[in-house]
Amino acid sequence: MKTWFLRRLENLLQVGLLLGAIATLLSYAGTFFYQWQIDLFSHFHLQLGLGCLAVAGGLLLFRSWLLAGLGLLLSAAHWLSVSYYFMGSPVVPKPEGAPTLSVLTFNVLASNQERSALWSYLTEDPPDVVLLQEIDREWARFLAQKDGPWEHKYLQPRGRIEGHALLSRFPLKGMGMLNPNGTEAVGIAFATIQPAGAPAVRFFSVHPLPSLNAELEKKSLHYLEALAEEVAREEGLVVVAGDFNRTPWSPPLAEFLKTTALVDVRRGGGFPPTWKRFTLLGLPIDHLLVSRGISVLDQRVGPALGSDHHPVRAELALP
């Protein structure tokens, strides 16, 4: 006979299964009926998958076979999306004679005071190109005063979280800021870099605002549309990197990847979140995307450096 506690526990698992089913439907509903509130669920496939799996395991202990089976199906639906980071890796061996280029992107967090830690990390194994987001005046002043392997710098401090910085071993050409929403608040930094003996590459550092209300969502969607148009205008190689504030399962970002045909260097490389990495809220929202003509030799997520984000680095080979 079940005790009061066991009956309550079974009831809680049944309620958890119902909530899991609703959350699962909402996590995929944005593909067919898009609303920013619904889109929030699409980011948490890993967490929802683990939750449904735990509920299914609990129901198995109570021999609720049918409900446990439903929980396993719900969990599998989420793992299907998470498989994005375990299948289809673009990493290939280095093509013989191909010039290489290492790129790192990182949202530094404007309020981050561990600037020296970041600089030590960057100079320990310097990438060729560094794209930084949330560069305010203090960060720009710090970067401007530092000597390092990056002789060429493009610093654009704006507000508290809207600024960008591009650091490069190679000359920066055609630098500028695109303002998709008609203001200087949230922009896209861009520049062209051409390593010796290699084709030119157009870089874009991006940081659309998080979609936490209808107005921010409107601006974020306009930002992605403008970015896609800029990428489409480029006839040569392109690298787009930064804090997108969206996972690859978010319908707007999935549509952006489809429209631009850019390759996510982290696809198939495992699931280390780049934001709040060691918490239950951890999400992969920092991305490094490249043209299909660029080969990905390696990719990795860097350590904690005082920000709520982690750096993403890729070793690339140019055609």
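One can find the structure itself at the top, above this paragraph.
Position numbers for residues count from 1 along each chain, tracking the sequence in the order it is written. In keeping with the predicted nature of the model, local features appear solely for residues at pLDDT of at least 70, side-chain atom pairs appear and are counted solely at 80 or more, and the whole-chain, interface and lining totals rest on all residues. Side-chain metrics in this entry use all non-hydrogen atoms of the structure; hydrogen atoms and water are not considered.

A separate point is the side chain of His164. The secondary structure listing takes helices from DSSP runs of H or I that are at least 4 residues long and strands from runs of E that are at least 2 residues long, numbered from the N terminus. Examined against the element boundaries, His164 turns out to sit in strand β4 (residues 164-168). Under the scheme applied here, a residue whose accessible area is under 20% of the maximum for its type counts as buried, over 50% as exposed, and between as partly exposed, the area being computed with a 1.4 Å probe on protein chains only. Owing to a relative accessible area of 1%, His164 belongs among the buried residues under this scheme. Among the polar contacts made by the side chain of His164, one reaches the main-chain carbonyl oxygen of Gly187 at a distance of 3.1 Å. Polar contact is defined as a pair of N or O atoms within 3.5 Å, subject to the rule that within protein one atom must be able to donate a hydrogen and the other to accept it, and that residues adjacent in sequence are counted only when both atoms are side-chain atoms.

Time to look at the sheet that holds strand β8 (residues 237-243). In space, the 6 strands of this open sheet follow the order β5-β6-β7-β8-β10-β9, with mixed pairing throughout. Looking at which strands have only one partner, the edges of the open sheet turn out to be β5 (172-178) and β9 (263-264). A pair of strands counts as paired when DSSP detects no fewer than two bridges linking them. Relative to strand β10 (residues 286-290), β9 runs antiparallel, the two being bridged by 2 bridges. Residue pairing in the sheet places Asp264 in a bridge with Leu289 of β10. Contact criterion: two residues are considered in contact whenever any of their non-hydrogen atoms come within 4.5 Å of each other. Angles shown run from 0 to 180 degrees and are taken between the N-to-C directions of axes, each axis being a line fitted to C-alpha atoms and, for helices, limited to the stretch in contact. The strands touched by helix α7 (residues 214-233) within the sheet are β5, β6 (188-193), β7 (201-206) and β8, with β7 carrying the most contacts at an inclination of about 175°.

Where helix α1 (residues 4-29) meets helix α4 (residues 65-82), the closest approach of the two axes is 10 Å, and the angle between their N-to-C directions is 30°. The orientation of α1 relative to α4 falls into the category roughly parallel. Like other packed secondary-structure pairs, α1 and α4 cross with a definite hand, here left-handed. Of the residues in α4, those in contact with Gln14, Leu17, Gly20, Ala21, Thr24, Ser27 and Tyr28 of α1 are Leu67, Leu70, Gly71, Leu74, Ala77, His78 and Ser81. Per-class residue counts for the contact of α1 with α4 are 7 nonpolar, 7 polar and no charged. Throughout, the term roughly parallel applies to angles under 35 degrees, roughly antiparallel to angles over 145, roughly perpendicular to angles from 65 to 115, and oblique to all others. Each crossing is labelled by how the near helix is turned from the far one, with a counterclockwise turn of less than a right angle marking it left-handed and a clockwise turn marking it right-handed. All residues other than Ala, Val, Leu, Ile, Met, Phe, Trp, Tyr, Cys, Pro, Asp, Glu, Lys and Arg, Gly among them, are scored as polar; the first ten of these are nonpolar and the last four charged.

Between the rings of Phe, Tyr and Trp (Trp by its six-membered ring), a pair exists once the centres lie within 6.5 Å; its type follows the angle of the planes, with under 30 degrees stacked, over 60 edge-to-face, and the other angles tilted. With the rule as written, the count across this model stands at 7 aromatic pairs. Taking the centre distance of 6.0 Å and the plane angle of 80° together, the rings of Trp139 and Phe142 count as edge-to-face. Residue Trp139 and its partner Phe142 are both found in helix α6 (residues 137-145); the two are separated by 3 residues, about one turn of the helix. A single burial state applies to Trp139 and to Phe142, both of which are buried. Their ring planes at 50° and their centres at 6.4 Å tell us that Phe190 and Phe204 sit as a pair that is tilted. Of the two residues, Phe190 sits in strand β6 while Phe204 sits in strand β7, which places them 14 residues apart along the sequence. Side by side, Phe190 and Phe204 carry an identical accessibility label, which is buried. Grouping aromatic residues by their ring pairs yields a cluster made of Trp119, Trp139, Phe142 and Trp150.

Here we come to the packing of α7 against helix α8 (residues 251-260). Packing of α7 against α8 brings their axes to within 10 Å, and their N-to-C directions diverge by 10°. As summarised for this structure, α7 and α8 are arranged roughly parallel, according to the angle between their axes. Where α7 approaches α8, its residues Leu221, Leu224, Leu227, Ala228 and Val231 are matched on the opposing element by Pro252, Leu253, Phe256 and Thr260. Grouping the constituent residues of the contact of α7 with α8 by class yields 8 nonpolar, 1 polar and no charged.

The next point concerns α1. To estimate the expected span of a helix, count its residues, drop one, and scale the result by 1.5 Å. With 26 residues, α1 extends 37 Å from end C-alpha to end C-alpha; this agrees with the ideal 38 Å at 1.5 Å per step. Taken together, the buried positions of α1 are occupied by Glu10, Leu13, Leu17, Gly20, Ala23, Thr24 and Ser27. Buried residues in α1 make contact with α2 (36-42), α3 (45-61) and α4.

Another point: the nonpolar core. Remark: nonpolar core denotes a set of buried residues (Ala, Val, Leu, Ile, Met, Phe, Trp, Tyr, Cys) joined through side-chain atoms within 4.5 Å. Ranked by internal contacts, the top residues of the largest apolar core, which has 28 residues, are Val103, Phe203, Val239, Leu288, Val290 and Leu316. Elements supplying a minimum of two residues to this core: β1 (100-107), β2 (129-133), β5, β6, β7, β8, β10 and β12 (312-317). Discounting residues that sit within four places of it in the chain, Val103 has contacts with Pro127, Val129, Leu131, Phe203, Leu288, Val312, Arg313, Ala314 and Leu316.

We now examine the environment of Leu6. Inspection of the secondary structure assignment puts Leu6 in helix α1. With relative accessibility at 32%, the residue Leu6 sits in the partly exposed group. Between the C-alpha atom of Leu6 and that of Phe62, which follows or precedes it by 56 residues, the distance is 9.0 Å.

Right, let's get into the sheet that holds β2. Pairing within the open sheet is mixed, and its 6 strands lie in the order β3-β4-β2-β1-β12-β11. The sheet is open, and its two borders are formed by β3 (152-156) and β11 (295-301), each paired with just one other strand. Direction aside, neighbouring strands of the sheet carry axes that sit 10° apart on average. Judged from the 5 bridges that link them, β1 and β2 form a sheet pairing that is parallel. Along β2, the bridge assignment pairs Thr105 with Leu131. On the sheet, α6 packs against β2, β3 and β4 and is oriented at approximately 165° with respect to β3.

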